[in-house]
Amino acid sequence: MKHKKIFSKDRLLFLIVFVVFVVAAAVFFVLQKKPFVEAAWFNDQWGYRQRVDVTNAGTAQTDFQVAITLNTSALVTAGKMQSDCDDIRVTDVGGKVLSHWIETGTNACNTTTTAIWTKVPSISTTGTTVFLYYGNPSAVSTQNGDNVFLFFDDFSGSNIDTTKWTITDSTGWSVSGGELTGTNTTGRIQTIQTFTTP
């Protein structure tokens, strides 16, 4: 009884090379693709979120302040965000809400370059991911610059905050519209909080 050859040597060699090529391409694709970080939705009351990848080309950071620039004007116009940005929340990938503060003035809410500052607990040398949520019409503001920065004063009100500043001579100092202004050289103020060089 004769056996027929199903594959010639050339066909067998071609098939082996083809399979090796397909497997190698698949392995290369898997290794090149960054893992996608997907967090569970932190609260169903928020209708929208954006993923924000924080890069880091230096050393690992702890409790690091990060600025996120967002076109809130377009989101407000589209009816996806409150006009005062009270519904903004920032979370880590685990859904933990992070402290945040929104700048006033040029980069305030409802502008094309809104600056949202947040304090990220940990940024590895390869970076990290946070999520920015919005779209809750009944949310109230939770922003708090004191929880974001080592020292913070947004100069709200009309007087220098004496819980943050020591006033040696208030001559020439005024607070208005979120700004502290000094008009001469006799006035002296300094922070109550002291800082050490890292």
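(A) Seen up close, the state of the cysteines. On inspection of all chains with the given rule, the structure shows one disulfide. Here Cys-85 engages in a disulfide with Cys-109; their sulfurs sit 2.0 Å apart. Looking down the S-S bond of the Cys-85 and Cys-109 bridge, the torsion is 85°, so its handedness is right-handed. Taken as a pair, Cys-85 in the loop between α2 (72–77) and β3 (89–92) and Cys-109 in the loop between β5 (100–102) and β6 (114–123) lie far apart in primary sequence, 24 residues in all. Using a relative accessible area of 2% as the deciding quantity, one classes Cys-85 as buried.

(B) Representation of the packing of aromatic side chains in the model. Applying the stated criterion to the full structure yields eleven aromatic pairs. Aromatic ring contacts, followed pair by pair, group Trp-41, Phe-42, Trp-46 and Tyr-133 into a single cluster. The ring of Phe-131 has Arg-49 sitting right over it, with the charged end atom 4.3 Å from the ring centre.

(C) Fine view of the pattern of salt bridges. For the structure on display, the rule yields two salt bridges. Its salt-bridge partner being Asp-53, residue Arg-51 comes within 3.0 Å of it at the nearest N-O pair. According to the relative accessible area criterion, Arg-51 is partly exposed, its value standing at 30%. Note that Lys-164 and Asp-146 form a salt bridge whose closest N and O atoms lie 2.9 Å from each other. In this pair, Lys-164 sits in the loop between β7 (128–134) and β8 (165–169) while Asp-146 sits in the loop between β7 and β8, placing the two residues 18 residues apart along the sequence.

(D) Main features of the side chain of Thr-114. Tracing the backbone shows Thr-114 in strand β6. Of note is the side chain of Thr-114, whose polar atom sits 3.2 Å from the side chain of Thr-111.

(E) Quick peek at unusual backbone geometry. Located in the positive-phi region is Cys-85, a residue other than glycine, with phi close to 65°. Backbone geometry places Phe-155, a non-glycine residue, at a positive phi of 50°. Within the secondary structure, Phe-155 is located in the loop between β7 and β8. A relative accessible area of 14% means that Phe-155 is categorised as buried.

Cut-offs applied
- Residues numbered from 1 in each chain as written.
- Predicted model: local features only at pLDDT ≥ 70, side-chain atom pairs only at ≥ 80, totals over all residues.
- Heavy atoms only, no water.
- Disulfide = S-S within 2.5 Å.
- Helix = DSSP H or I, 4+ residues; strand = E, 2+ residues; numbered from the N terminus.
- Buried < 20%, exposed > 50% of the residue type's maximum accessible area, 1.4 Å probe, protein only.
- Phe/Tyr/Trp six-rings, centres within 6.5 Å; stacked < 30°, edge-to-face > 60°.
- Lys NZ or Arg CZ within 6 Å of the ring centre and 35° of its normal.
- Salt bridge = Lys/Arg side-chain N within 4 Å of Asp/Glu carboxyl O.
- Polar contact = N/O pair within 3.5 Å; in protein donor to acceptor, adjacent residues only side chain to side chain.

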